[in-house]
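Chains, contacts and geometry: an overview
Below are the chains, spelled out letter by letter.
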Amino acid sequence: MKQLLAIPFIIFQVTSFTAIAQMGSEILLFDLKIKKNKITLSNPKNITNHPGYDNQPGFNRDEPVVYYSSFNDEGRSDIKSYNYQTGVTTSVTTTNEREYSPTQTPDKNYISCIIQRDNGAQDLGKYPLTGGDPYVIINTMTVGYHVWADNSHLALFILGDPNTLHFMRLPTKEDTVLAQNIGRSLHQIPGERGVSFVQKTSSTDWQIKKLDTETMAISTLANTLPGREDITWTPDGRIISSDGSKIYNLNPTKDKTWTEISLTSGRELLKGITRLAVNVKGDKLAVVISE
């Protein structure tokens with residue numbers, strides 16, 4: 001990846017996004033097996049094993065690769081990739097910005113990510129997988145998290161008071177605010193033209209909501225685990241989440257309660273679980289744990 005020109009370091013006010021990012025974390029990769037109504041996790045491997053922040057995993061759709069954000073020695077976050085067939089870790093970006101939330105774009109040619117500037121701005125941009133400078137997609141809002149609904153539409157977590165859910169139509173730049181007080185976990189729902197998000201309330205009884213990206217209607221899918229906002233989806237439509245030390249699943253079309261997922265090994269490694277990600281094949285689960 002082409003290295004960007006150096007820019008002077010500017011002291012700026014640390015946002016809540018940065019403060020969260022500075023917490024030490026690691027990424028475990030499990031083998032995931034789904035058989036009938038039972039999910040089993042096995043063979044955990046620490047794929048980062050690096051002091052400091054390693055977080056926000058996301059899978060390549062075609063290749064055995066996990067992308068993630070990782071702090072360098074200067075405390076700036078770059079995007080790295082880990083190939084779980086070869087065991088090789090590669091730097092995707094090496095810049096003087098800070099990159100977060102790496103996500104392969106629907107056309108599979110780019111990694112989109114949050115680009116945090118030294119002046120406090122948080123833009124949405126994308127880096128070519130073949131190398132080169134980023135293309136800025138959105139620089140008029142403080143973007144915290146994002147998910148692609150398709151090649152031309154994005155659901156966005158916009159930082160503010162309160163944090164809000166936006167839906168952006170890129171061809172026209174039409175931006176619609178759809179919900180307030182949302183969580184950071186945004187996902188395309190497998191097999192549907194829909195995006196899920198977490199609706200927070202003053203209590204810990206939060207809800208997983210679905211935005212139908214054709215009708216723009218919002219419906220409730222399920223309750224989260226108490227006070228937990230991080231989820232991911234399996235290809236067959238199950239939701240996986242954690243209470244911080246255990247991992248659970250729920251089928252929102254059938255289940256009313258969460259069921260703990262069976263682990264054949266690695267239970268002692270699970271502490272401070274936050275973000276999770278499942279690959280397209282549904283046979284790998286990435287889990288972020290405390291360092």
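Residues numbered from 1 in each chain as written. Predicted model: local features only at pLDDT ≥ 70, side-chain atom pairs only at ≥ 80, totals over all residues. Heavy atoms only, no water.

1. Let's talk about the overall build of the protein chain
Summing up its helical and strand segments, the protein chain has 1 helix and 25 strands in all. Its C-alpha radius of gyration of 18 Å places the protein chain within 12% of the 19 Å reference for a compact globule of 291 residues. Here the C-alpha coordinates of the protein chain stretch approximately 55 × 45 × 35 Å along the principal axes. Of the contacts formed within the protein chain by residues at least 6 apart in sequence, a portion of 41% connects residues at least 24 apart. By element, 47% of the accessible surface of the protein chain is carried by carbon and sulfur atoms, the whole surface being about 13,500 Å². Across the protein chain, the centroid of the 30 positively charged side chains sits 6 Å from that of the 31 negatively charged ones. (Helix = DSSP H or I, 4+ residues; strand = E, 2+ residues; numbered from the N terminus. Rg over C-alpha atoms; globule rule 2.2 N^0.38 Å. Contact = heavy atoms within 4.5 Å. Areas by Shrake-Rupley, 256 points an atom, 1.4 Å probe, with all protein chains shown as cover. Lys, Arg positive; Asp, Glu negative; His and termini not counted. Charge placed at Lys NZ, Arg CZ, Asp CG, Glu CD.)

2. Some details on the pairing of strand E1 (residues 25-35)
Here is the key point about a regular strand: its side chains alternate between the two faces of the sheet. Two strands pair when backbone bridges link them, and E1 and strand E25 (residues 284-290) are joined in this way by 7 bridges, in the antiparallel orientation. Bridging across to E25, Phe30 finds its partner in Leu285. Here E1 folds back onto strand E2 (residues 38-46), and the loop between the two strands holds 2 residues, one of which, Lys36, carries a positive phi near 55°. (Pairing = 2+ DSSP bridges.)

3. Describing the environment of Phe30
If you trace the backbone, Phe30 turns up in strand E1. Note on Phe30: relative accessible area 0%, which makes it buried. Separated by 254 residues in sequence, Phe30 and Lys284 have C-alpha atoms that sit 5.7 Å apart. Not counting the four nearest positions on each side in its chain, Phe30 is found in contact with Leu41, Ser42, Asn43, Pro44, Leu263, Ser265, Leu270, Asp283, Lys284, Leu285 and Val287. (Buried < 20%, exposed > 50% of the residue type's maximum accessible area, 1.4 Å probe, protein only.)

4. Here we look at the pattern of salt bridges
Considering all chains together, one arrives at 15 salt bridges under this definition. A salt bridge links Asp123 to Arg117; its shortest N-O distance comes to 3.0 Å. Note on Arg117: relative accessible area 19%, which makes it buried. A salt bridge links Arg193 to Asp150, with the nearest nitrogen and oxygen atoms 3.3 Å apart. Here Arg193 is found in the loop between strand E15 (187-188) and strand E16 (194-199), whereas its partner Asp150 is found in strand E11 (residues 143-150), with 43 residues between them in sequence. A single salt-bridge network, built from bridges that share partners, covers Arg76, Arg98 and Asp118. (Salt bridge = Lys/Arg side-chain N within 4 Å of Asp/Glu carboxyl O.)

5. Thoughts on the confidence of the model for the protein chain
Overall, the predicted model of the protein chain reaches an average pLDDT of 92, with 92% of residues at or above 70. Taken as a whole, residues 1-21 scores under 50 in pLDDT and shows 47 contacts with residues more than four places along the chain or in a different chain. (pLDDT = per-residue confidence, 0-100.)

6. Some remarks on the sheet that holds strand E13 (residues 164-169)
Read from one edge to the other, the open sheet built from 4 strands follows the order E11-E12-E13-E14, with strand pairing classed as antiparallel. Since the sheet does not close on itself, it has two edges, and those belong to E11 and strand E14 (174-180), each with one partner. Taken pair by pair, the neighbouring strands of this sheet meet at an average axis angle of 25°, ignoring direction. Inspection of the sheet shows E13 paired to E14 by 6 bridges, in the antiparallel sense. Bridged to Met168 within E14 is Asp175. (Axes fitted to C-alpha atoms, helices over the stretch in contact; angles between N-to-C directions.)

7. A word on the pairing of E16
Counting buried residues in E16 gives 6 out of 6 residues, a clear majority hidden from the surface. Here E15 runs beside E16; their pairing, made up of 2 bridges, is antiparallel. Across the sheet, residue Gln188 finds its bridge partner in E16, namely Val195. Two elements, E16 and strand E17 (residues 207-212), share 6 bridges in a ladder whose sense is antiparallel. Bridging from a neighbouring strand, Gln199 pairs with Gln207 of E17.

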